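Observations on chain architecture
In case you want the letters, here they are:
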Amino acid sequence: MDRGARAREELLDAAERLIAEHGFEVPLRDIAKAAGQRNNSAVNYYFRTRQDLIDAVVARRLVPMEVERQALLDRMSDEQMADAHAVLRILVGPFFHSEGTHYARFLEVVRIRLNREPQSPAESAWPSILDALARLVPLKERSARENRVSAVATTMFALLADHERQVEAREGLPRQDSRDEIVTMLAAMLTAAPVAAAATR
(Lines give C-alpha, C1' and ligand atoms only; values in the text may rest on other atoms or scores of the structure.)
Protein backbone atom coordinates (compact mmCIF):
# COMPACT_ATOMS: atom_id res chain seq x y z
CA MET A 1 0.00 0.00 0.00
CA ASP A 2 1.49 3.35 -1.00
CA ARG A 3 1.65 6.37 1.29
CA GLY A 4 -1.44 8.05 -0.14
CA ALA A 5 -3.55 4.90 0.10
CA ARG A 6 -2.38 4.32 3.68
CA ALA A 7 -3.22 7.90 4.64
CA ARG A 8 -6.67 7.50 3.12
CA GLU A 9 -7.32 4.30 5.09
CA GLU A 10 -6.16 5.95 8.32
CA LEU A 11 -8.53 8.85 7.70
CA LEU A 12 -11.40 6.42 7.11
CA ASP A 13 -10.58 4.56 10.34
CA ALA A 14 -10.45 7.82 12.28
CA ALA A 15 -13.68 9.13 10.74
CA GLU A 16 -15.55 5.93 11.49
CA ARG A 17 -14.43 5.96 15.13
CA LEU A 18 -14.79 9.67 15.88
CA ILE A 19 -18.17 10.09 14.17
CA ALA A 20 -19.42 6.99 16.02
CA GLU A 21 -18.20 8.36 19.34
CA HIS A 22 -18.79 12.12 18.98
CA GLY A 23 -21.45 12.57 16.32
CA PHE A 24 -21.78 13.79 12.76
CA GLU A 25 -20.42 17.29 13.39
CA VAL A 26 -17.04 16.18 14.75
CA PRO A 27 -14.48 18.66 13.32
CA LEU A 28 -12.65 17.40 10.25
CA ARG A 29 -9.40 18.67 11.75
CA ASP A 30 -9.95 16.27 14.69
CA ILE A 31 -10.30 13.41 12.22
CA ALA A 32 -7.09 14.47 10.47
CA LYS A 33 -5.24 14.68 13.80
CA ALA A 34 -6.50 11.27 14.93
CA ALA A 35 -5.27 9.82 11.64
CA GLY A 36 -1.78 11.21 12.28
CA GLN A 37 -2.05 13.94 9.67
CA ARG A 38 -0.27 17.22 10.41
CA ASN A 39 -2.28 19.08 7.77
CA ASN A 40 -5.75 20.02 9.07
CA SER A 41 -7.02 20.00 5.48
CA ALA A 42 -6.08 16.38 4.87
CA VAL A 43 -9.71 15.24 4.88
CA ASN A 44 -10.63 17.78 2.21
CA TYR A 45 -7.60 16.71 0.17
CA TYR A 46 -8.63 13.04 0.04
CA PHE A 47 -12.41 13.56 0.30
CA ARG A 48 -13.89 16.79 -1.06
CA THR A 49 -16.74 17.04 1.42
CA ARG A 50 -17.94 15.53 4.69
CA GLN A 51 -20.58 13.62 2.73
CA ASP A 52 -17.89 12.15 0.44
CA LEU A 53 -16.01 11.01 3.54
CA ILE A 54 -19.14 9.35 4.95
CA ASP A 55 -19.85 7.65 1.63
CA ALA A 56 -16.28 6.33 1.53
CA VAL A 57 -16.50 4.91 5.05
CA VAL A 58 -19.76 3.16 4.13
CA ALA A 59 -18.47 1.82 0.81
CA ARG A 60 -15.37 0.33 2.42
CA ARG A 61 -17.47 -1.79 4.78
CA LEU A 62 -20.58 -2.24 2.65
CA VAL A 63 -19.11 -3.77 -0.50
CA PRO A 64 -17.64 -6.87 1.24
CA MET A 65 -20.88 -7.25 3.19
CA GLU A 66 -22.93 -7.06 0.02
CA VAL A 67 -20.78 -9.73 -1.63
CA GLU A 68 -21.43 -11.99 1.37
CA ARG A 69 -25.14 -11.20 1.35
CA GLN A 70 -25.49 -11.87 -2.36
CA ALA A 71 -23.75 -15.25 -2.00
CA LEU A 72 -26.19 -16.16 0.77
CA LEU A 73 -29.17 -14.92 -1.25
CA ASP A 74 -28.12 -17.03 -4.21
CA ARG A 75 -28.36 -20.15 -2.04
CA MET A 76 -31.77 -19.34 -0.55
CA SER A 77 -34.77 -21.45 -1.50
CA ASP A 78 -38.26 -20.01 -1.94
CA GLU A 79 -39.19 -21.58 1.39
CA GLN A 80 -36.29 -19.87 3.15
CA MET A 81 -37.17 -16.53 1.56
CA ALA A 82 -40.58 -16.85 3.24
CA ASP A 83 -38.90 -17.15 6.67
CA ALA A 84 -38.28 -13.76 8.33
CA HIS A 85 -35.51 -15.18 10.52
CA ALA A 86 -33.66 -16.58 7.51
CA VAL A 87 -33.85 -13.34 5.54
CA LEU A 88 -32.86 -11.22 8.53
CA ARG A 89 -29.84 -13.43 9.20
CA ILE A 90 -28.57 -12.46 5.74
CA LEU A 91 -29.02 -8.79 6.59
CA VAL A 92 -27.53 -8.93 10.10
CA GLY A 93 -24.88 -11.64 9.80
CA PRO A 94 -22.25 -9.71 7.81
CA PHE A 95 -22.04 -7.06 10.54
CA PHE A 96 -20.62 -9.76 12.80
CA HIS A 97 -17.92 -10.59 10.25
CA SER A 98 -16.89 -6.98 9.64
CA GLU A 99 -13.45 -5.78 10.71
CA GLY A 100 -14.93 -2.48 11.84
CA THR A 101 -15.23 -2.01 15.61
CA HIS A 102 -17.31 1.18 15.36
CA TYR A 103 -19.17 0.70 12.07
CA ALA A 104 -22.65 0.00 13.48
CA ARG A 105 -22.33 3.00 15.80
CA PHE A 106 -21.17 5.08 12.83
CA LEU A 107 -24.24 3.98 10.84
CA GLU A 108 -26.51 4.78 13.77
CA VAL A 109 -25.21 8.37 13.64
CA VAL A 110 -25.19 8.91 9.85
CA ARG A 111 -28.11 6.73 8.71
CA ILE A 112 -30.34 9.66 7.70
CA ARG A 113 -27.53 10.89 5.45
CA LEU A 114 -26.89 7.58 3.70
CA ASN A 115 -27.36 7.28 -0.04
CA ARG A 116 -30.63 5.45 -0.60
CA GLU A 117 -29.75 4.11 -4.04
CA PRO A 118 -27.01 1.52 -4.71
CA GLN A 119 -23.76 3.23 -5.70
CA SER A 120 -22.32 0.23 -7.53
CA PRO A 121 -23.42 -3.18 -8.89
CA ALA A 122 -21.90 -4.75 -5.78
CA GLU A 123 -24.62 -3.13 -3.66
CA SER A 124 -27.56 -5.09 -5.07
CA ALA A 125 -28.23 -7.42 -2.14
CA TRP A 126 -29.45 -4.83 0.39
CA PRO A 127 -32.46 -3.60 -1.65
CA SER A 128 -33.31 -7.19 -2.61
CA ILE A 129 -33.39 -8.16 1.06
CA LEU A 130 -35.50 -5.14 1.98
CA ASP A 131 -37.99 -6.09 -0.74
CA ALA A 132 -38.12 -9.64 0.61
CA LEU A 133 -38.73 -8.33 4.12
CA ALA A 134 -41.53 -6.04 2.91
CA ARG A 135 -43.33 -9.07 1.48
CA LEU A 136 -43.23 -10.68 4.94
CA VAL A 137 -44.95 -7.79 6.73
CA PRO A 138 -48.61 -8.69 7.46
CA LEU A 139 -49.99 -5.34 6.29
CA LYS A 140 -51.92 -4.67 3.08
CA GLU A 141 -50.77 -1.20 2.07
CA ARG A 142 -47.39 -1.01 0.41
CA SER A 143 -46.46 2.21 2.21
CA ALA A 144 -47.29 0.61 5.56
CA ARG A 145 -45.08 -2.39 4.74
CA GLU A 146 -42.24 -0.09 3.70
CA ASN A 147 -42.62 1.92 6.91
CA ARG A 148 -42.40 -1.28 8.95
CA VAL A 149 -39.23 -2.37 7.14
CA SER A 150 -37.72 1.09 7.62
CA ALA A 151 -38.46 0.89 11.35
CA VAL A 152 -36.88 -2.57 11.49
CA ALA A 153 -33.74 -1.23 9.78
CA THR A 154 -33.54 1.68 12.25
CA THR A 155 -33.93 -0.74 15.15
CA MET A 156 -31.29 -3.04 13.65
CA PHE A 157 -28.74 -0.20 13.55
CA ALA A 158 -29.49 0.62 17.20
CA LEU A 159 -29.21 -3.01 18.34
CA LEU A 160 -25.97 -3.55 16.43
CA ALA A 161 -24.56 -0.31 17.86
CA ASP A 162 -25.45 -1.47 21.39
CA HIS A 163 -23.77 -4.80 20.66
CA GLU A 164 -20.58 -2.99 19.64
CA ARG A 165 -20.65 -1.01 22.87
CA GLN A 166 -21.08 -4.20 24.87
CA VAL A 167 -18.21 -5.88 23.06
CA GLU A 168 -15.99 -2.86 23.73
CA ALA A 169 -16.97 -2.80 27.42
CA ARG A 170 -16.36 -6.50 27.99
CA GLU A 171 -14.39 -8.65 25.58
CA GLY A 172 -15.54 -12.16 24.79
CA LEU A 173 -19.24 -11.42 24.32
CA PRO A 174 -20.76 -14.45 22.51
CA ARG A 175 -21.22 -13.12 18.98
CA GLN A 176 -23.39 -15.98 17.65
CA ASP A 177 -25.87 -15.71 20.53
CA SER A 178 -26.02 -11.94 20.12
CA ARG A 179 -26.67 -12.23 16.40
CA ASP A 180 -29.50 -14.71 16.91
CA GLU A 181 -31.09 -12.56 19.62
CA ILE A 182 -31.01 -9.49 17.38
CA VAL A 183 -32.56 -11.49 14.52
CA THR A 184 -35.29 -12.82 16.83
CA MET A 185 -36.22 -9.32 18.04
CA LEU A 186 -36.27 -7.90 14.53
CA ALA A 187 -38.35 -10.80 13.19
CA ALA A 188 -40.94 -10.26 15.92
CA MET A 189 -41.13 -6.58 15.03
CA LEU A 190 -41.32 -7.27 11.30
CA THR A 191 -44.11 -9.84 11.49
CA ALA A 192 -46.21 -8.31 14.30
CA ALA A 193 -49.91 -8.27 13.51
CA PRO A 194 -51.59 -4.95 12.69
CA VAL A 195 -52.66 -3.11 15.84
CA ALA A 196 -56.39 -3.30 15.08
CA ALA A 197 -56.26 -7.05 14.43
CA ALA A 198 -54.27 -7.67 17.58
CA ALA A 199 -56.68 -5.63 19.71
CA THR A 200 -59.72 -7.73 18.73
CA ARG A 201 -58.31 -11.02 19.95
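Anyway, here's the lowdown on the structure attached to this text. Predicted, not measured: the structure shown is a model, and the values here were computed from it.

**Description of helix α1 (residues 3–22)**
- Between the first and last C-alpha of α1 there are 28 Å, a value that for 20 residues agrees with the 28 Å anticipated at 1.5 Å per step.
- Those residues of α1 lying buried are Ala 7, Leu 11, Leu 12, Ala 14, Ala 15, Glu 16, Leu 18, Ile 19 and Ala 20.
- In this structure Asp 2 caps α1, since a side-chain oxygen of it lies 3.2 Å from the backbone nitrogen of Gly 4.
- Directly after α1, the chain includes Gly 23, whose backbone phi takes a positive value near 100 degrees.

**Describing the packing of helix α6 (residues 84–92) against helix α8 (residues 125–136)**
- Axis separation between α6 and α8 bottoms out at 10 Å; the angle between their running directions is 155 degrees. With respect to α8, the element α6 is oriented roughly antiparallel. You can see that α6 and α8 cross each other, and the crossing is left-handed. Here Ala 84, Val 87, Leu 88, Ile 90 and Leu 91 of α6 lie close against α8, whose contacting residues are Trp 126, Ile 129, Ala 132, Leu 133 and Leu 136.
- Within the contact of α6 with α8, the residues separate by chemical class into 10 nonpolar, no polar and no charged.

**Some thoughts on the environment of Val 43**
- Checked against the element boundaries, Val 43 lands in helix α3 (residues 42–46).
- With sequence-adjacent residues up to four places away left out, Val 43 is seen in contact with Leu 11, Leu 28, Ile 31, Ala 32 and Leu 53.

**Let's talk about the nonpolar core**
- With 59 residues, the main nonpolar core has Ile 31, Phe 95 and Phe 106 as its most contacted residues.
- When residues in this core are grouped by element, the largest group, eight residues, is from helix α4 (residues 50–74).

**Structural notes on the pattern of salt bridges**
- Scanning all chains against the criterion turns up 13 salt bridges.
- Among the salt bridges present, the one from Arg 179 reaches Asp 180, with a minimum N-O distance of 2.9 Å.
- Classification of Arg 179 as buried rests on a relative accessible area of 17%.
- When its relative accessible area of 29% is taken as the criterion, Asp 180 is described as partly exposed.
- Residues participating in the shared-partner salt-bridge network are Glu 9, Asp 13, Glu 16, Arg 60 and Arg 61.

Criteria and thresholds
Residues numbered from 1 in each chain as written. Predicted model: local features only at pLDDT ≥ 70, side-chain atom pairs only at ≥ 80, totals over all residues. Heavy atoms only, no water. Helix = DSSP H or I, 4+ residues; strand = E, 2+ residues; numbered from the N terminus. Expected span 1.5 Å × (residues − 1). Buried < 20%, exposed > 50% of the residue type's maximum accessible area, 1.4 Å probe, protein only. Polar contact = N/O pair within 3.5 Å; in protein donor to acceptor, adjacent residues only side chain to side chain. Axes fitted to C-alpha atoms, helices over the stretch in contact; angles between N-to-C directions. Parallel < 35°, antiparallel > 145°, perpendicular 65-115°, else oblique. Left-handed = near helix turned anticlockwise from the far one by under 90°. Contact = heavy atoms within 4.5 Å. Nonpolar A, V, L, I, M, F, W, Y, C, P; charged D, E, K, R; others polar. Core = buried A, V, L, I, M, F, W, Y, C linked by side-chain atoms within 4.5 Å. Salt bridge = Lys/Arg side-chain N within 4 Å of Asp/Glu carboxyl O.

Geometry only, nothing functional implied.
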